[in-house]
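Descriptive structure summary
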Amino acid sequence: MRIIAGEARGRRIEAPEGRNTRPTLDRVRENLFNMLQGEISGSRVLDLFAGSGALSFEALSRGAEYACLVDHDRKASAVQIKNADTLGYRDRTRIMTSDWRRALKEIESTGKCFDMVFLDPPYAKLDLTDVFSGLIPVLGEDAIIVLEHEAGKNPETGAGYECVKQRNWGFCGVSIYRRNEANEERDAK
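Residues numbered from 1 in each chain as written. Predicted model: local features only at pLDDT ≥ 70, side-chain atom pairs only at ≥ 80, totals over all residues. Heavy atoms only, no water.

Throughout the structure, instances matching the rule amount to four aromatic pairs. Judged by centre distance (5.9 Å) and plane angle (50°), the rings of phenylalanine 33 and phenylalanine 118 are tilted. Of this pair, phenylalanine 33 sits in helix 1 (residues 26-35) while phenylalanine 118 is found in strand 4 (residues 114-119), placing the two residues 85 residues apart along the sequence. There is no split in this pair, since phenylalanine 33 and phenylalanine 118 are both buried. When the ring of phenylalanine 132 is compared with that of tyrosine 177, the centres are 5.3 Å apart and the planes differ by 80°; the resulting orientation is edge-to-face. Here the residue phenylalanine 132 occupies a position in helix 5 (residues 129-135), and tyrosine 177 occupies one in strand 7 (residues 172-179), the gap between them amounting to 45 residues. Since its relative accessible area comes to 6%, tyrosine 177 is described here as buried. The structure contains a cluster of three or more aromatic residues connected by ring pairs, namely Phe132, Tyr161 and Tyr177. Its end group placed over the ring of tyrosine 161, arginine 179 keeps NZ or CZ at 5.4 Å from the ring centre. (Phe/Tyr/Trp six-rings, centres within 6.5 Å; stacked < 30°, edge-to-face > 60°. Helix = DSSP H or I, 4+ residues; strand = E, 2+ residues; numbered from the N terminus. Buried < 20%, exposed > 50% of the residue type's maximum accessible area, 1.4 Å probe, protein only. Lys NZ or Arg CZ within 6 Å of the ring centre and 35° of its normal.)

Within the largest apolar cluster, 31 residues are counted, with the highest numbers of intra-cluster contacts made by Leu32, Phe33, Leu36, Phe57, Met116, Phe118 and Val146. Residue assignment for this core shows that the elements contributing at least two residues are helix 1, helix 2 (54-61), strand 2 (66-71), helix 3 (74-87), strand 4, strand 5 (139-150) and strand 7. Ranked by the residues each element gives to this core, the list is headed by helix 2, at five residues. When residues no more than four places from it in sequence are discounted, the contact partners of methionine 116 are Leu36, Glu39, Ile40, Ser43, Arg44, Val45, Leu46, Ile144 and Val146. Counting residues in hydrophobic clusters, the runner-up holds 25 residues, among them Phe49, Leu128, Ala143 and Ile145. (Core = buried A, V, L, I, M, F, W, Y, C linked by side-chain atoms within 4.5 Å. Contact = heavy atoms within 4.5 Å.)

Right, let's talk about the pattern of salt bridges for a bit. As a working rule, side chains carrying opposite charge can pair if their charged atoms are close by. For the coordinates displayed, the defined rule picks out 10 salt bridges. Here aspartate 85 makes a salt bridge to arginine 90, at a shortest N to O gap of 3.6 Å. Aspartate 85 sits in the partly exposed class, given a relative accessible area of 45%. Through salt bridges with shared partners, a single ionic network connects Arg29, Glu58 and Arg62. (Salt bridge = Lys/Arg side-chain N within 4 Å of Asp/Glu carboxyl O.)

Burial of strand 7 is extensive: seven of the eight residues sit out of reach of the surface. Where strand 5 and strand 7 come together, seven bridges link them in antiparallel fashion. Along strand 7, the bridge assignment pairs isoleucine 144 with arginine 178. When strand 6 (residues 161-169) meets strand 7, the two strands line up antiparallel, connected through eight bridges. Considered in strand 7, the bridge of glutamine 166 is made with serine 175. Counted between consecutive antiparallel strands, the loop separating strand 6 from strand 7 contains two residues, among which glycine 170 sits at a positive phi close to 60°. (Pairing = 2+ DSSP bridges.)

Just distances and angles here, no functional claims.
Below you can see the structure in the form of C-alpha cells.
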C-alpha cells in the first residue's frame, strides 16, 4: 500500500498480516479522500478499528493536524507505530491498543474532540448504534463520521445522525454522517 497524495505521496506503508484486518484499497481511499477534500486540512482525526492506519496516515499526509488510531489487535498497533515512524508522523499521532469502548472513555476523560472519525469495523458488524452513541462526547462541532461498510448494506447507526453522502466502489461502501441538528439542540437542553 502507498500514500496516495499529500506530503507523503508515494511512500509505502505496511498492513498487518493475517485475516484480522482488511486494509482499505488504494482505489477506495483515493475516491474517499476526493469526497473529503475540503474537510481535511487542520482536522483532528479519530480512527476506530484502525488496522494499518492507512486512512489516518492519508489524512495526515493531506494536512490533518493530529490522528488518534485505535485498534484492539496488538499486531495492528505495532504496524501503526512502524508506519507512523516511517512517515515521520509519531509526533502527530496517538496509537491506542484498546477496545473501542475503553478508548472512547479514556479520550472523553481528556476532553479532546475530533473533527473527523473513520470507522472501518468488521463488515459483519451491522449494528453500530453503540459505537455512534459512544462517539457523541468526543465529536467536535460539525464533525463528520466516515463509515466503511459492505456495499449495499447500511449498518444501523441509531438516532441522531444523518447520512450526507454515500458511495459504493465494488464490494466496498462508504457513508458519511453528521450529527442531526435537531438532536444536537435536544441534547443541549
